[in-house]
Each structure stands twice: as structure tokens, then as C-alpha cells.
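Overview (structure and organization)
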Amino acid sequence: MKNQLTLLALGLAVCVSAVTDRYQSTEDGFSVIFPGDVTRREDKVKFEGGEAASRTYRCSQGQSVFQISVTPLPRETLRNRPVQDILDLARDGALNAQRGTKAEGETKLLVNGAPARRFIVQPTNAPVAVHLMVVANGRLYHVLGSLPTRLQSEGEDFVKSFSLTSVISVGD
């Protein structure tokens, strides 16, 4: 009996450890709880003033995808547009990627002092997508949980686990 309790306690400790391990990107200044192994991809984004690196952090489990895209924003965009307009454009871009969808439960909030938007997209016959978009440090952070509808709460938990580890600037 004592051995069974020891094994049970050890098993619970491993499960708790796996759930609470935070993934941290010092390069992009965020941390989040991914539910599994993370892959990182870097792409070049061209701007009028040059080129910058956009990074995507991704974890897949079955039909579920957990992802963070970090895209640098041109200085001109940050200087000439209010941050809420940038978030509107980012939201609209996500919605246009799945035609005929609309944002549900949209909330304006702050993530570590930075302006953000959280919303859900639930297309017919497709996975539910939980989105969080944050503008800080000259970047747009797009946090996404795309899952079967029955697992929507896991996507919400993923998005809520996102935090900025440093906020140098909000909009410029």
C-alpha cells in the first residue's frame, strides 16, 4: 500500500510539473504554458524600411494547435496609428483568414500593461479558435489556441497563461 501511495504521489508530481512548466522566450520577451513540445520557426518580413525576423512558436496535440506569432511592427505604423487601430487591423486580418466568421466575446484588456484583445472565432464545421493579440515592444504578439469545440477551455487556458516578461514600450 505504501509503495502504491508513493507511486501515486510521484505520478501526480510529474503531472503537475508538466502542466506548470512555463515556456519562456527571452528573445521575444514572453512566457506561456504550452501543453507539449514547442517548435520555433523564423521568417523574414519585408518593410519599406528594410527587413525583420518574425517568429512562430507552435505546439500540436492531435487536432489542437497552440501557437504564438511574434511580428515586428514598422516604426511608422506605431507612430502614425493608435494602438487600438493596430489591434483592430490584426483582428480583422485573423477574421478575413476564415471568411464568413466573426469575433465573439471580444474583450479589450491589458497584458502586463500592454493593450490587448481577446476573442473567439467559432466557424461552422471547424475548430474553435481562441485569440489574444498584444502590442508591445514594437511587436504584435498573436496567441492562438485552435481546438475542437469540446476542448475550447484548453485554448482559453493557454491564452490566459501568456504573459510578457518585459515591457520596454507599448506602442513605440
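Residues numbered from 1 in each chain as written. Predicted model: local features only at pLDDT ≥ 70, side-chain atom pairs only at ≥ 80, totals over all residues. Heavy atoms only, no water.

**What to know about the sheet that holds strand 5 (residues 64-72)**
The strands that make up a sheet pair up through hydrogen bonds in the backbone, lying either parallel or antiparallel. Which entries qualify depends on this criterion: Whether two strands pair comes down to DSSP finding at least two bridges between them. Labels follow the DSSP assignment, with helices taken as runs of H or I lasting at least four residues and strands as runs of E lasting at least two, numbered in each case from the N terminus. Every axis corresponds to a line fitted to the C-alpha atoms, with the helix fit spanning only the stretch in contact, and the corresponding angles, defined between N-to-C directions, vary from 0 to 180 degrees. Every residue pair with non-hydrogen atoms within 4.5 Å of one another is taken to be in contact.
What the seven strands build is an open sheet, ordered 3-4-5-9-8-7-6; its pairing is antiparallel. If you trace the sheet from one side to the other, it starts and ends with strand 3 (39-47) and strand 6 (104-111), each paired once. Between one strand and the next, the sheet's axes are offset by a mean angle of 15°, whatever the strand orientation. Sheet analysis places strand 8 (residues 128-136) next to strand 9 (residues 139-147), joined by nine bridges and oriented antiparallel. Among the inter-strand pairings, Val134 is bridged to a residue of strand 9, identified as Tyr141. Across the sheet, helix 3 (residues 83-96) lies against strand 6, strand 7 (114-121), strand 8 and strand 9, angled at about 25° from strand 7, the strand it touches most.

**What to know about the pattern of salt bridges**
Proximity of charged atoms lets side chains of opposite charge pair with each other. We count it as follows: By definition here, a salt bridge exists when the distance from a side-chain nitrogen of Lys or Arg to a carboxyl oxygen of Asp or Glu is within 4 Å. Only protein chains enter the calculation, and the probe is 1.4 Å; a residue is then buried if its accessible area is under 20% of its type maximum, exposed if over 50%, and partly exposed in between.
Applying the stated criterion to the full structure yields 14 salt bridges. For Asp28, the salt bridge is made with Arg55, and the minimal N-O distance between the two is 2.8 Å. One end of the pair, Asp28, is in the loop between strand 1 (23-25) and strand 2 (30-32); the other, Arg55, is in strand 4 (residues 50-61), and 27 residues separate them in sequence. With relative accessibility at 1%, the residue Asp28 sits in the buried group. The residue Asp92 makes a salt bridge to Arg91 at a minimum N-O spacing of 2.9 Å. According to the relative accessible area criterion, Arg91 is buried, its value standing at 14%. Residues participating in the shared-partner salt-bridge network are Glu27, Asp28, Arg40, Glu42, Lys44, Arg55 and Arg139.

**Description of the pairing of strand 4**
Direction of pairing for strand 3 relative to strand 4: antiparallel, over a ladder of nine bridges. Paired with Arg40 across the bridge in strand 4 is Tyr57. Where strand 4 folds back onto strand 5 in an antiparallel hairpin, the turn is made up of two residues, including Gly62, whose phi is positive at roughly 60°.

**Quick notes on helix 4 (residues 152-160)**
Using the following cut-off: To be clear, the arc concerns the directions from the helix axis to the C-beta atoms.
By the burial criterion, the buried members of helix 4 are Gln152, Gly155, Phe158 and Val159. Buried residues along helix 4 cover an arc of 120° about the axis, so they all sit on one side. Away from its buried face, by an angle of more than 90 degrees, helix 4 presents the exposed residues Asp157 and Lys160. Contacts from the buried residues of helix 4 go to strand 2, strand 5, strand 7, strand 8 and strand 9.

**Remarks on unusual backbone geometry**
Of note in this structure, Asn112 is not a glycine but carries a positive phi near 50°. Within the secondary structure layout, Asn112 lies in the loop between strand 6 and strand 7. A relative accessible area of 45% means that Asn112 is categorised as partly exposed. A positive phi angle is found at Asn137, which is not glycine, with a value near 55°.

**Looking at the confidence of the model for the protein**
The line we're drawing: For every residue, the predictor reports its confidence as pLDDT, a number between 0 and 100.
A residue-level look at the protein finds 85% of positions with pLDDT of 70 or above and a mean pLDDT of 86. Counted against residues more than four places away or in other chains, residues 1-19, with its pLDDT under 50, gives one contact.

**Here we look at the nonpolar core**
Spelled out, the test is: Only buried Ala, Val, Leu, Ile, Met, Phe, Trp, Tyr and Cys residues count toward a nonpolar core, and they belong to the same one when joined by side-chain atoms within 4.5 Å.
Grouped together as the largest cluster of nonpolar side chains are 24 residues, with contacts concentrated most on Ile68, Val134 and Phe162. Put simply, the parts of the chain that give this core at least two residues each are strand 2, strand 4, strand 5, strand 7, strand 8, strand 9 and helix 4. Every residue in contact with Phe162, bar those within four places of it in the chain, is listed here: Arg22, Phe30, Ser31, Val32, Ile68, Val111, Leu132, Val134, Tyr141 and Val143. Val83, Ile86, Ala94 and Val135 belong to the second-largest nonpolar core, a separate cluster that totals 15 residues.

**A few points about the side chain of Arg117**
This is how the line gets drawn: In protein, a polar contact means a hydrogen-donor-capable atom and an acceptor-capable atom, both N or O and within 3.5 Å, with residues adjacent in sequence counting only if both atoms are side-chain atoms; elsewhere, any N or O pair within 3.5 Å suffices.
With respect to the helices, strands and loops of the structure, Arg117 is situated in strand 7. Reaching out from Arg117, the side chain makes a polar contact with the side chain of Asp88 at a distance of 2.7 Å. A polar contact of 2.9 Å, which involves the side chain of Arg117, links it to the side chain of Glu106. Apart from the residues lying within four places of it in its own chain, the contact partners of Arg117 are Gln84, Leu87, Asp88, Arg91, Glu106, Thr107, Lys108, Leu109, His131, Leu132 and Met133.

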